[in-house]
Each structure stands twice: as C-alpha cells, then as structure tokens.
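# Commentary on secondary and tertiary structure
Given next are the chains, with one letter for each unit.
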Amino acid sequence: EDKVVQSPLSLVVHEGDTVTLNCSYEVTNFRSLLWYKQEKKAPTFLFMLTSSGIEKKSGRLSSILDKKELFSILNITATQTGDSAVYLCAVNMNYGGSQGNLIFGKGTKLSVKP
Amino acid sequence: KAGVTQTPRYLIKTRGQQVTLSCSPISGHRSVSWYQQTPGQGLQFLFEYFSETQRNKGNFPGRFSGRQFSNSRSEMNVSTLELGDSALYLCASSLRTSAGELFFGEGSRLTVL
C-alpha cells in the first residue's frame, strides 16, 4: 500500500529556532515529492523535488530528497510566528499521465512561540 | 491572476440528502482534482479530471461523483450523505505538466447532521 509518513506530528518551538520536518514514503512509480504549507484552509505550494541530493531553497526554507532512502526533510531556519502552520508532505506518482493524484502525509503542526 | 474558487464555502446538510460543490480553476489550468480533508484521515484524493474526462479516482464509494465542463470548471456530488462525510472538500487545479504542483482553493466545509 502506498503511504507517506511525516514526523513529528506536532512541534512547538520559539522564534529564532531551526526546525527539521521529516517525510518518508513507500510508493510505486514515484514521480515527485512536494511540500505544502496549510495555515487555515488552502494548502500553498512550497517545493517540488524530483532528484536526489539537490537542495531547493526559498528564503529561510529549504528541502532535500533522498530517493535511495525514500525520505525528504524540510528545514526552516530562524523561525518566525508566521511560520506557524501545518506542513504537508505529498508524493505524486506516475499513473498514465495523471497529475493531481497526490498521496499526503498527515502533516506536521508547527507552532512558533514569540 | 484569480486563484481557484470554490462554492459554497460552508454548508450544512442532514443525513440522506445530497450536495453539489463547485470549483473554478485558475485560468489556463485544465486539470482539476478533488480532495477530502478530515482530522483523522488527513487529505485524501477523490478524483481528477482533465478535458472533461475522469483520469483517476480514489478509494471512495460510488456516492461520490464528479464531472468537468468544457470551460474546465468542475463539480462534485455526494449523494445519500452520511455523518462521516463531514469534511473540508478541497479542489485543486494544475497545468497538465506540473508533475503534481497543485493550486488549492479555500475549500467547502460540509457539515452533515
């Protein structure tokens, strides 16, 4: 059965801390791994990873994929209260050209205290 | 550029009724997918449409159905509602070659009493 597992499920840190969120997966026909941030309703796209070892960066956020060990991490440095959200990891698989079938993990709820 | 628009945003139904939710994708996006989000199960894939054809379907009962129109707008329908159908229903659109990069709407919050 295809699955995506995130850890930890929740995390409380103080502003300025650095956090690492984990995502492991077991899927057939892997195409890409994606990270989303969900603050209230609509998840917003952060990163898409397709190749091992190539770090993607956007400001204080970065992510990397290990296709051999089947996991990804999302790092957030110098956290701010605005980083408080649920971070979702998802895997997209090759199914006859299907684009929108993502398998999501349960998410990591990050709370950043001032 | 307008984002993904979902209507209605909130609705309350009783068991046994049916509901139709609507989704307008980002202009130029022809792929629309639907997800159900609950506290226990997280985000689960319902179905995906492209060019008015269902391309993929998740593991949900036949009470859940959808369709896509020629202008890429999509609707999903849930018949014979059950209490367990209470959830946030999220619609997402994407370009055909996005390899999974989805743009989500704000969702429709369905409560079944």
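Let me sum up the structure you'll find in this document. (Residues numbered from 1 in each chain as written. Chains lettered and ligands numbered in written order. Predicted model: local features only at pLDDT ≥ 70, side-chain atom pairs only at ≥ 80, totals over all residues. Heavy atoms only, no water.)

## Observations concerning the sheet that holds strand β7 (residues 64–68) of chain B
Residue and element names in this part refer to chain B. Worth spelling out the cut-off: For two strands to be treated as a pair, DSSP must find no fewer than two bridges joining them. Secondary structure elements follow DSSP: runs of H or I of four or more residues count as helices, runs of E of two or more count as strands, with numbering from the N terminus. Every axis corresponds to a line fitted to the C-alpha atoms, with the helix fit spanning only the stretch in contact, and the corresponding angles, defined between N-to-C directions, vary from 0 to 180 degrees.
Pairing is antiparallel across the open sheet formed by 4 strands, whose spatial order is β1-β3-β8-β7. The sheet is open, and its two borders are formed by β1 (5–7) and β7, each paired with just one other strand. Strand-to-strand twist across the sheet, computed as the mean angle between neighbouring axes with direction ignored, equals 15°. Sheet topology places strand β3 (residues 19–24) next to strand β8 (residues 74–78); 5 bridges connect them, and they run antiparallel. What sits directly across from Thr20, in β8, is Asn77.

## Focus on the packing of aromatic side chains
What counts, and what does not: Each pair of aromatic rings taken from Phe, Tyr and Trp, with Trp reduced to its six-membered ring, is defined by centres within 6.5 Å and is described as stacked if the planes are under 30 degrees apart, edge-to-face if over 60, and tilted in the remaining cases. For every residue, the accessible area obtained with a 1.4 Å probe (protein chains only) is divided by the maximum for its type, and the residue is called buried under 20%, exposed over 50%, and partly exposed between those limits.
According to the stated counting rule, one finds 10 aromatic pairs over all chains in the structure shown. With a centroid separation of 5.7 Å and 65° between ring planes, the pair formed by Phe47 of chain B and Tyr49 of chain B is classed as edge-to-face. Neither residue differs from the other here; Phe47 of chain B and Tyr49 of chain B are each classed as buried. Grouping aromatic residues by their ring pairs yields a cluster made of Tyr36, Phe45 and Phe104 of chain A together with Tyr35, Phe45 and Phe104 of chain B.

## Overview of the interface of chain A and chain B
Formally: Should any heavy atoms of two residues lie within 4.5 Å, those residues are considered in contact. Two parts placed together each lose some accessible area under a 1.4 Å probe, and adding up what both lose gives the buried area. The term salt bridge refers to a side-chain nitrogen of Lys or Arg lying within 4 Å of a carboxyl oxygen of Asp or Glu. Residues adjacent in sequence count toward polar contacts only when both atoms are side-chain atoms; beyond that, a polar contact is any pair of N or O atoms within 3.5 Å, and within protein one must be able to donate a hydrogen and the other to accept it. Here the term charged refers only to Asp, Glu, Lys and Arg, the term nonpolar to Ala, Val, Leu, Ile, Met, Phe, Trp, Tyr, Cys and Pro, and the term polar to all other amino acids, Gly among them.
Counting residues at the interface gives 21 residues for chain A and 28 residues for chain B. With both sides pooled, the region where chain A packs onto chain B buries about 1,900 Å², and carbon together with sulfur makes up 52% of that total. Applying the counting rule to chain A against chain B returns 0 salt bridges. Across the chain A-chain B interface, the total number found is 5 residue pairs in polar contact (both at pLDDT 80 or more). At the level of secondary structure, the elements contributing two or more residues to the side of chain A that touches chain B comprise β4 (30–38), β5 (44–49), β9 (85–93) and β10 (102–104) of chain A. Of all the elements, β4 of chain A adds the most residues to the side of chain A that touches chain B, at 5 residues. Its residues placed into classes, the side of chain A that touches chain B shows 10 nonpolar, 8 polar and 3 charged.

## Some words on the pairing of strand β9 (residues 87–94) of chain B
For a regular strand, side-chain orientation follows a simple rule: the groups alternate between the two sheet faces. All names here are of chain B. Counting buried positions over the 8 residues of β9 gives 8, a clear majority of the element. Both strand β4 (residues 31–38) and β9 contribute to a ladder of 7 bridges, which runs antiparallel. Counterpart to Ser33 in the pairing with β9 is Ala92. In this structure, β9 lies alongside strand β11 (residues 108–112), joined through 3 bridges in antiparallel fashion.

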